[in-house]
Number of protein chains: 2
Amino acid sequence: MRATVIHAPHDIRVQEVPDPVIQQPTDVVLRVLRACICGSDLWAYRGESARQPGQRIGHEFLGIVEEAGSEVNGFAVGDLVVAPFVWSDGTCAHCAEGLTTSCPQGGFWGSVGSDGGQGEAVRVPFADGTLVRLPAAAASDDHLLTALLALSDVLGTGHHAAVGAGVKRGSTVAVVGDGAVGLCGVMAAKRLGAERIIALGRHRVRTDIARDFGATDVVAERGDAAVEAVRELLGGEGAQAVIEAVGTEQSMRTAVGITRDGGSIGYVGVPHGSGTGLDLGIMFDRNIALRGGVAPVRTYIPELLPDVLSGTIDPSPVFDLTVGLDEVPAGYRAMDERTALKVLIKP
Amino acid sequence: MRATVIHAPHDIRVQEVPDPVIQQPTDVVLRVLRACICGSDLWAYRGESARQPGQRIGHEFLGIVEEAGSEVNGFAVGDLVVAPFVWSDGTCAHCAEGLTTSCPQGGFWGSVGSDGGQGEAVRVPFADGTLVRLPAAAASDDHLLTALLALSDVLGTGHHAAVGAGVKRGSTVAVVGDGAVGLCGVMAAKRLGAERIIALGRHRVRTDIARDFGATDVVAERGDAAVEAVRELLGGEGAQAVIEAVGTEQSMRTAVGITRDGGSIGYVGVPHGSGTGLDLGIMFDRNIALRGGVAPVRTYIPELLPDVLSGTIDPSPVFDLTVGLDEVPAGYRAMDERTALKVLIKP
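Residues numbered from 1 in each chain as written. Chains lettered and ligands numbered in written order. Predicted model: local features only at pLDDT ≥ 70, side-chain atom pairs only at ≥ 80, totals over all residues. Heavy atoms only, no water.

UniProt tags residues 25-134 of chain A as "domain: Alcohol dehydrogenase-like N-terminal" (unreviewed entry). End C-alpha to end C-alpha, residues 25-134 of chain A measures 22 Å, and it is 12% helix and 31% strand. (UniProt positions renumbered as here; feature names shortened; annotations may be inferred. Helix = DSSP H or I, 4+ residues; strand = E, 2+ residues; numbered from the N terminus.)

What follows is the structure, given as structure tokens:
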């Protein structure tokens, strides 16, 4: 089959690789219908996250079960399924608690020896614990299929941030980060009943989506000026719930600055940089909580799926460029140069 | 009157100062019956927290109302009352939310221009918002009076840590810090229904109190060895709820190390050191939350007071040395040299 392989920073190629086969009786082989490129893939693309030459890449995909191992009970050949961005056994104590990302048998797509999502097919370990079935009819609904793809990462990650930030009915929320996850954080906050949602961003295309997803206010300023602008909107106070969807020291500093005393930061931006950006003295004096991390999206899919199927929420606008498999390298360039928000792949 | 004054690091004196008088109609003047020395006072004593020469010191006290301003409604001359370690107006939005430590009109005892608790009397601003009445009979019960004094800081702070750590019925808890706050954290965790409580400490006097307060296990190791020891006790995992009651980079690192994936650290140790001790990458991967800060003990007193009055909990063992006002400097030395756990002052 053909799949995306990362050879070195900025050297992403689509090439022939061995077809995936069932290796364990709990495996499924999936034919990929839709995949996409994640903001976190760019860290590997830019060489800021180490990869071994030849590793696969891509961790967001949905598709059709092509083959199922003898011990797979939940899925049959022909099923339409979505995969979360990590696999998990579904049976350990962490999976039972819903923290599937801490499953000792779990792993990331594209890690050494595993398939990535940006290819024609994927071997899925622990299929029963990992995959979630989608209605068969969705396979022929192009728009819905795109919306459902967001369940593999960005929608669940935005939801995780909103949960970590403690968003509830009537909350005032501020969102740091105008990427797909930040925008999904806006959508998740709105879905959880937030009354006021302030999106930080200055790119019109993105802030328009933010408003479409439920943002009531947009703040274009950055850094200290952003902190001032948010506080001015809120009568001098910060927001009770802050979503941090970037992961840099500066974004974390901004997040602390715009949080109301006693409030919470739900952070889902993969931390980058030598420091944390956290001034613990300030957080201590103001009782600001920090909750979040890598999102256990597998756990959230059953809760979010019905709302996507019914059209109550539609995250598909985060995909603003569609490419075929051969154009994946061009897709990385577009995201790296921020000419695309999030790239959809139709293999 | 006589009160404790800090002139320079290691230069603490008890001397004549002006008698406190009512300055605002919402003030009360309180005659101090019991006060004490806090671990955080030692930061000033050691010069690690800046103080202006001549500042008063001490923020934990209870006593008798000697004079009440014309707008004080809740208290009358002769009332026995306890003061939390910050004053607060009781009427602002933060006070209404229970975050009395963020009251814009609030302040710390011993800050420039205010009285400290380690003296014969204190002017209490915003008495109605700040003080809590105690049963008059307690004034003649020496043991109970000592237990009640813990409501001014350490018991409420330990409770704040337990709440921040998410302790609930059946929780497994680990406590970093064997000072009075850490020990009260053990007590608070037990009170909230924790099933297993692991106290980190190596001083027999302190670990005996920890066991008395509800610790089921004691770990004497430090640093990485402590992390290993806790995990060995818990079958390879960390504790769901971790109380951090020290505030150094090393203690924070230990706290992260002994937290179970998806668990929470309730931190109440005043942060010290140039860095945070937080490895945000580890916290992110393992979904470890950080909640806490300066404890709004005023808010907790009504919840904790009945249990102290009934004897259900008795924090008085954290006081292991009693001094008169003139011996306060000796009390600081004893705590600085760790020959005393917490010094009780009877002015």
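We now examine the relation of the copies chain B and chain A. Put simply, the second copy of the chain is the first one after a rotation about an axis and a shift along it. Rotating chain B by 180° and translating it 0.0 Å along the rotation axis places it on chain A, where the RMSD comes to 0.0 Å. Such values leave the two copies arranged in the relation of a two-fold axis. Looking at the rotation axis and the C-alpha trace of chain B, the residue lying nearest is Leu290 of chain B, at 2.6 Å. Here 100% of the contact residues of chain B are again contact residues in chain A; the copies associate through an equivalent surface. (Least-squares fit on C-alpha atoms with pLDDT ≥ 70 in both. Contact = heavy atoms within 4.5 Å.)

Residue and element names in this part refer to chain B. Sheet analysis places strand S3 (residues 28-36) next to strand S5 (residues 61-68), joined by seven bridges and oriented antiparallel. From the neighbouring strand, Arg34 faces S5, where its bridge partner is Leu62. Note that S5 and strand S6 (residues 80-83) share four bridges and pair antiparallel. Bridging across to S6, Leu62 finds its partner in Val82. (Pairing = 2+ DSSP bridges.)

This part is about the sheet that holds strand S2 (residues 11-16) of chain A. Residue and element names in this part refer to chain A. Taken in spatial order, the three strands make up an open sheet running S2-S1-S4, and their pairing is antiparallel. The open sheet has two edge strands, S2 and strand S4 (55-56), and neither has a second partner. Bridge count between strand S1 (residues 2-8) and S4: two bridges; the pairing is antiparallel. By the bridge assignment for S4, Val5 is matched with Arg56.

Time to look at the nonpolar core. Formed by 58 residues in total, the largest nonpolar core has its most connected members in Leu290 of chain A together with Leu290 of chain B. For Leu290 of chain B, the residues in contact, after removing those within four places along its chain, are Leu280, Ile288, Ala289 and Leu290 of chain A together with Met252, Ile265, Tyr267, Leu278 and Met283 of chain B. (Core = buried A, V, L, I, M, F, W, Y, C linked by side-chain atoms within 4.5 Å. Buried < 20%, exposed > 50% of the residue type's maximum accessible area, 1.4 Å probe, protein only.)

On to the packing of helix H8 (residues 223-233) of chain B against helix H9 (residues 249-257) of chain B, then. Residues and elements named next belong to chain B. Two elements in contact, H8 and H9, have axes whose closest approach is 9 Å; the angle formed by their N-to-C orientations is 25°. Of the possible angle classes, the one that applies to H8 and H9 is roughly parallel. Like other packed secondary-structure pairs, H8 and H9 cross with a definite hand, here right-handed. Of the residues in H9, those in contact with Gly223, Ala226, Val227 and Arg231 of H8 are Gln250, Thr254 and Gly257. Residue composition of the contact of H8 with H9, by class: two nonpolar, four polar and one charged. (Axes fitted to C-alpha atoms, helices over the stretch in contact; angles between N-to-C directions. Parallel < 35°, antiparallel > 145°, perpendicular 65-115°, else oblique. Left-handed = near helix turned anticlockwise from the far one by under 90°. Nonpolar A, V, L, I, M, F, W, Y, C, P; charged D, E, K, R; others polar.)

Residues and elements named next belong to chain B. Judged by pairing direction, the sheet is antiparallel, and its three strands sit side by side in the order S2-S1-S4 without closing on themselves. At either margin of the open sheet sits one strand with a lone partner, and together these are strand S2 (11-16) and strand S4 (55-56). Relative to S2, strand S1 (residues 2-8) runs antiparallel, the two being bridged by six bridges. Paired with Arg2 across the two strands is Glu16, which belongs to S2.

With that settled, consider the interface of chain B and chain A. Counting residues at the interface gives 33 residues for chain B, matched by 33 residues for chain A. Together, the buried faces of chain B and chain A total about 2,600 Å²; carbon and sulfur atoms form 59% of this surface. Taken as a group, Leu280, Phe284 and Asn287 of chain B account for 27% of the area that chain B buries against chain A, more than any other trio of residues on that side. Where chain B touches chain A, the interface holds two salt bridges. One salt bridge connects Glu97 of chain A with Arg260 of chain B, and the closest N-O pair in it is separated by 2.9 Å. Scanning the region where chain B abuts chain A turns up 15 residue pairs in polar contact (both at pLDDT 80 or more). When contributions to the side of chain B that touches chain A are tallied by element, the ones reaching two or more residues are helix H2 (93-96), strand S15 (259-267), helix H10 (280-285) and strand S16 (289-292) of chain B. No other element matches the five residues that H10 of chain B contributes to the side of chain B that touches chain A. The residue inventory of the side of chain B that touches chain A, partitioned by class, reads 15 nonpolar, eleven polar and seven charged. (Buried area = accessible area lost by both parts, 1.4 Å probe. Salt bridge = Lys/Arg side-chain N within 4 Å of Asp/Glu carboxyl O. Polar contact = N/O pair within 3.5 Å; in protein donor to acceptor, adjacent residues only side chain to side chain.)

Attention now moves to the domain arrangement of chain A. Residue and element names in this part refer to chain A. With domains assigned, chain A is organised as domain 1 (2-153 + 296-346) and domain 2 (155-292). Computed from C-alpha atoms alone, the centre-to-centre distance between domain 1 and domain 2 is 27 Å. Taken together, the contacts link 23 residues of domain 1 with 20 residues of domain 2. For the pairing of domain 1 and domain 2, the buried interface totals around 1,900 Å² over both sides, and the portion due to carbon and sulfur atoms is 65%. Counting the contacts that link domain 1 with domain 2 gives three salt bridges. Linking Arg191 and Asp307 is a salt bridge whose minimum nitrogen-to-oxygen distance equals 2.7 Å. Take the side of domain 1 that touches domain 2: its biggest share by element is six residues, from helix H11 (residues 297-309). For the side of domain 1 that touches domain 2, the class distribution of residues is 15 nonpolar, two polar and six charged. (Domains from an automatic or database assignment.)

For the rest of this paragraph, the subject is the side chain of Ser171 of chain B. Residue and element names in this part refer to chain B. With respect to the secondary-structure elements, Ser171 resides in the loop between helix H5 (154-164) and strand S11 (172-176). Taking the relative accessible area as the measure of exposure, Ser171 reaches 4% and is therefore buried. Polar contacts involving the side chain of Ser171 include one to the main-chain amide nitrogen of Lys168, which spans 2.8 Å. For Ser171, the contacting residues outside a window of four places in its chain are Gly166, Gly193, Ala194, Glu195, Arg196 and Gln240.

Quick look at a negative patch on the surface now. All names here are of chain A. A grouping of Glu221, Asp224, Glu228 and Glu232 is seen on the molecular surface, where their side chains present a negatively charged patch. Tracing the chain through its elements places Glu228 in helix H8 (residues 223-233). You can call Glu228 exposed: its relative accessible area is 59%. (Patch = residues over 30% accessible without salt bridge, like charges linked within 9 Å, V, L, I, M, F, W, Y side chains within 5 Å. Areas by Shrake-Rupley, 256 points an atom, 1.4 Å probe, with all protein chains shown as cover. Lys, Arg positive; Asp, Glu negative; His and termini not counted. Charge placed at Lys NZ, Arg CZ, Asp CG, Glu CD.)

All names here are of chain A. Structurally, Val219 can be placed in strand S13 (residues 217-219). What makes Val219 buried here is its relative accessible area of 3%. In this structure the C-alpha to C-alpha distance between Val219 and Gly324, which are 105 residues apart in sequence, comes to 35 Å.

This paragraph deals with the pattern of salt bridges. Residues and elements named next belong to chain B. One pass over the full model with this rule turns up 40 salt bridges over all chains. Close ionic contact of Asp261 with Arg286 constitutes a salt bridge, the shortest N to O distance being 2.7 Å. Here Arg286 lies in the loop between H10 and S16 and Asp261 lies in strand S15, a separation of 25 residues in the sequence. With a relative accessible area of 15%, Arg286 lands in the buried category.

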